[in-house]
Amino acid sequence: MTTTGRDRLWWVDLLKALAAPLILLHHLAFYGPMSDHARELAPALIDWLFSNARLAVQVFLVVAGFLAARQLAPGGGVAPGLNPLVLLRERWLRLLPAYAATLGLALLSAAVARHWMDHRATPTAPDLPQVLAHLLMLQDLLGLEALSAGIWYLAIDLQLFALLALLLWACDRVPPVSGRAADRSARRAAVTVALVALASALHFNLQPGGDIAAPYFFAAYGAGVLAAWAPRRGRPAVVWWSLALAAAALSLHWAWRDRLALALAVALALAWLGHRPAPAACPAWLRQGVTRLSTLSYALFLVHYPVCLFVNAAFERFVPHAPALQALGLLVAVVLSLLAAVALHRWLEVPAARWLAARRHRAAAPALGMG
């Protein structure tokens, strides 16, 4: 992506750069035992990370919807030739290399942890069907124990992307009654996404146990989609955004949820700032740091748990339980997670993206040659 493109998405990068470390710290606080021993030094901080830092997932949900909308329906108009099955396959193929490597690392870390400590954070040894279900990102739908913390989100993100692609494809297939086809398709897409998001907020998001499937999370994801389309000018855009905000207020009045309120706030921020460049006063080093951490966010989200599990087990087995030493272990886990994310991104995520780009180019070449 060009520098200009990165600048246009600087606020998206900033959100990802803030949210990814919070998820890492939440898992360190939640899964112990280092945080249990270190809590004496900063109980309020550890308790906040334990209870509230997980809300950063809402940021990722909104950002994911925002970016998916830019890919599938830039400006609100559905991309021509949209094929949900092809898009789903390509997204899964792009995620798979880094995801599969992380699963292997998670299995290894869990095996070591079971040998070195007895703690609730340690997954049990899996069987082959469980591993295969994870590779297909179906583990939660099948009711299987997760092999690593946070990977539930990857499965949900894939489901949400597939659901959005299907909705947009359906909107594009309906012939327009009057007016330009592109305008009617964009209007139908906005209304459809808003209605499904409202159904999510008022019903699916309130169902106990519903967090294994996309409809539970579509309120936040759909808010991100609508935020990506917000810069469209004209009265229809204002009307639909006003209705969307009214619906969001209704859903929160119906049943207040901190996670949904945060998602709405993030979506509003993206609607206002998401397509704007970084502030002119922002120093270059900060721009570069935010962009770099944002680029690593997926790899960090994947790899941090097996790294943290291994460090937890090592410090539990070989290091005294003194709070200061265990707090040092938390710092070691953070640093090693960042280094592992760099390696995962460089050696697997980037090559997978290049391979898919080359694959798409080869697939398009015959069609171009027949023109």
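In short, a report on the structure.

Each value, and the rule that gives it
- Residues numbered from 1 in each chain as written.
- Predicted model: local features only at pLDDT ≥ 70, side-chain atom pairs only at ≥ 80, totals over all residues.
- Heavy atoms only, no water.
- Helix = DSSP H or I, 4+ residues; strand = E, 2+ residues; numbered from the N terminus.
- Buried < 20%, exposed > 50% of the residue type's maximum accessible area, 1.4 Å probe, protein only.
- Contact = heavy atoms within 4.5 Å.
- Areas by Shrake-Rupley, 256 points an atom, 1.4 Å probe, with all protein chains shown as cover.
- Expected span 1.5 Å × (residues − 1).
- Bend = angle between axes of the 7 residues up to and from the residue.
- Axes fitted to C-alpha atoms, helices over the stretch in contact; angles between N-to-C directions.
- Parallel < 35°, antiparallel > 145°, perpendicular 65-115°, else oblique.
- Left-handed = near helix turned anticlockwise from the far one by under 90°.
- Phe/Tyr/Trp six-rings, centres within 6.5 Å; stacked < 30°, edge-to-face > 60°.
- Lys NZ or Arg CZ within 6 Å of the ring centre and 35° of its normal.
- Salt bridge = Lys/Arg side-chain N within 4 Å of Asp/Glu carboxyl O.
- Nonpolar A, V, L, I, M, F, W, Y, C, P; charged D, E, K, R; others polar.
- Patch = residues over 30% accessible without salt bridge, like charges linked within 9 Å, V, L, I, M, F, W, Y side chains within 5 Å.
- Core = buried A, V, L, I, M, F, W, Y, C linked by side-chain atoms within 4.5 Å.

## Observations concerning the overall build of the chain
Alright, step 1. A tally of regular secondary structure across the chain gives 15 helices and 0 strands.
Alright, step 2. Relative to its 371 residues, the chain shows a buried fraction of 45%.
Alright, step 3. A fraction of 77% describes how many contacts in the chain between residues 6 or more apart in sequence connect residues 24 or more apart.
Alright, step 4. Accessible area for the chain stands at about 18,200 Å²; split by element, carbon and sulfur atoms hold 68% of it.

## A closer look at helix α14 (residues 297–318)
Alright, step 1. For α14, which comprises 22 residues, the first-to-last C-alpha distance of 31 Å matches the rise-based estimate of 32 Å (1.5 Å per residue) to within 8%.
Alright, step 2. Largest kink in α14: about 40°, centred on Val303, with the proline Pro306 one to four residues after it.
Alright, step 3. Extensive coverage of α14 is indicated by the burial of 18 of its 22 residues.

## Some thoughts on the packing of helix α5 (residues 56–72) against helix α12 (residues 258–273)
Alright, step 1. Two elements in contact, α5 and α12, have axes whose closest approach is 9 Å; the angle formed by their N-to-C orientations is 40°. Accordingly, the angle class assigned to the pair α5 and α12 is oblique. Viewed along their axes, α5 and α12 form a crossing whose handedness is right-handed. For the pair α5 and α12, the contacting residues are Gln58, Val59, Val62, Val63 and Phe66 in the first and Arg259, Leu262, Ala263, Val266, Ala267 and Leu270 in the second.

## Quick word on the packing of aromatic side chains
Alright, step 1. Inspection of every chain in the model, using the stated rule, returns 13 aromatic pairs.
Alright, step 2. Measuring from ring centre to ring centre gives 5.3 Å for Tyr153 and Phe301, while their planes differ by 50°; the resulting arrangement is tilted. Here Phe301 lies in helix α14 and Tyr153 lies in helix α8 (residues 151–173), a separation of 148 residues in the sequence. Each member of the pair Tyr153 and Phe301 is classed as buried.
Alright, step 3. With 4.9 Å between their ring centres and 70° between their planes, Tyr216 and Phe217 make a pair best called edge-to-face. Per residue, the accessibility class of Tyr216 equals that of Phe217, and both read buried.
Alright, step 4. When the ring centre of Phe161 is taken as reference, the NZ or CZ atom of Arg91 above it lies at 4.2 Å.

## Some details on the pattern of salt bridges
Alright, step 1. Applying the stated criterion to the full structure yields 2 salt bridges.
Alright, step 2. With a closest N to O distance of 2.7 Å, Asp47 and Arg39 form a salt bridge.
Alright, step 3. By relative accessible area, which is 35% here, Arg39 ends up partly exposed.
Alright, step 4. Taking the shortest distance from any N to any O, the salt bridge between Asp157 and Arg91 comes out at 3.0 Å. On the criterion of sequence distance, the pair formed by Asp157 in helix α8 and Arg91 in helix α6 (residues 84–116) is long-range, its members being 66 residues apart.
Alright, step 5. Owing to a relative accessible area of 8%, Asp157 belongs among the buried residues under this scheme.

## A short note on the packing of helix α2 (residues 10–31) against α14
Alright, step 1. Between α2 and α14, the least distance of the axes is 10 Å, while the angle of their chain directions is 20°. Classified by the angle between their axes, α2 and α14 sit roughly parallel to one another. Note on packing geometry: the crossing formed by α2 with α14 is right-handed. When α2 is examined against α14, the residues Lys16, Ala20, Pro21, Ile23, Leu24, His27, Leu28 and Tyr31 are found in contact with a partner set consisting of Ser297, Leu300, Phe301, His304, Tyr305, Cys308 and Asn312.
Alright, step 2. For the contact of α2 with α14, a count of residues per class yields 10 nonpolar, 4 polar and 1 charged.

## Things to note about a nonpolar patch on the surface
Alright, step 1. Side chains of Leu136, Leu138, Leu141, Leu142, Leu144 and Ile212 sit close together on the surface and give an oily, nonpolar patch of about 490 Å² of accessible area.
Alright, step 2. In this structure, Leu144 sits in the loop between α7 (128–135) and α8.

## A short note on the side chain of His26
Alright, step 1. Relative to the helices and strands, His26 resides in helix α2.
Alright, step 2. When neighbours within four sequence positions are excluded, His26 is seen to be in contact with Leu49, Phe50, Ala53 and Arg54.

## Structural notes on the nonpolar core
Alright, step 1. Formed by 78 residues in total, the largest nonpolar core has its most connected members in Leu168, Tyr221 and Trp229.
Alright, step 2. Discounting residues that sit within four places of it in the chain, Tyr221 has contacts with Leu61, Ala64, Gly65, Ala68, Asp157, Leu160, Phe161 and Leu164.
Alright, step 3. Counting 8 residues, the second largest nonpolar core, distinct from the first, contains Ala113, Ala121, Ala149 and Leu309.

## Let's talk about the environment of Ala227
Alright, step 1. Structurally, Ala227 is set in helix α10 (residues 214–229).
Alright, step 2. As a C-alpha pair, Ala227 and Ala269 span 42 residues in sequence and 8.4 Å in three-dimensional space.

## Looking at the environment of Ala100
Alright, step 1. Structurally, Ala100 can be placed in helix α6.
Alright, step 2. When the C-alpha atoms of Ala100 and Val131 are compared, they prove to be 9.7 Å apart, with 31 residues separating the residues in sequence.

## Quick notes on the side chain of His134
Alright, step 1. If you trace the backbone, His134 turns up in helix α7.
Alright, step 2. Here His134 falls in the buried class, since its relative accessible area comes to 0%.
Alright, step 3. Sequence-distant contacts of His134, that is, excluding residues within four places in its chain, are made with Tyr99, Leu103, Gln139, Glu145, Ala146, Leu147 and Ile151.

The analysis is restricted to geometry; functional conclusions fall outside its scope.
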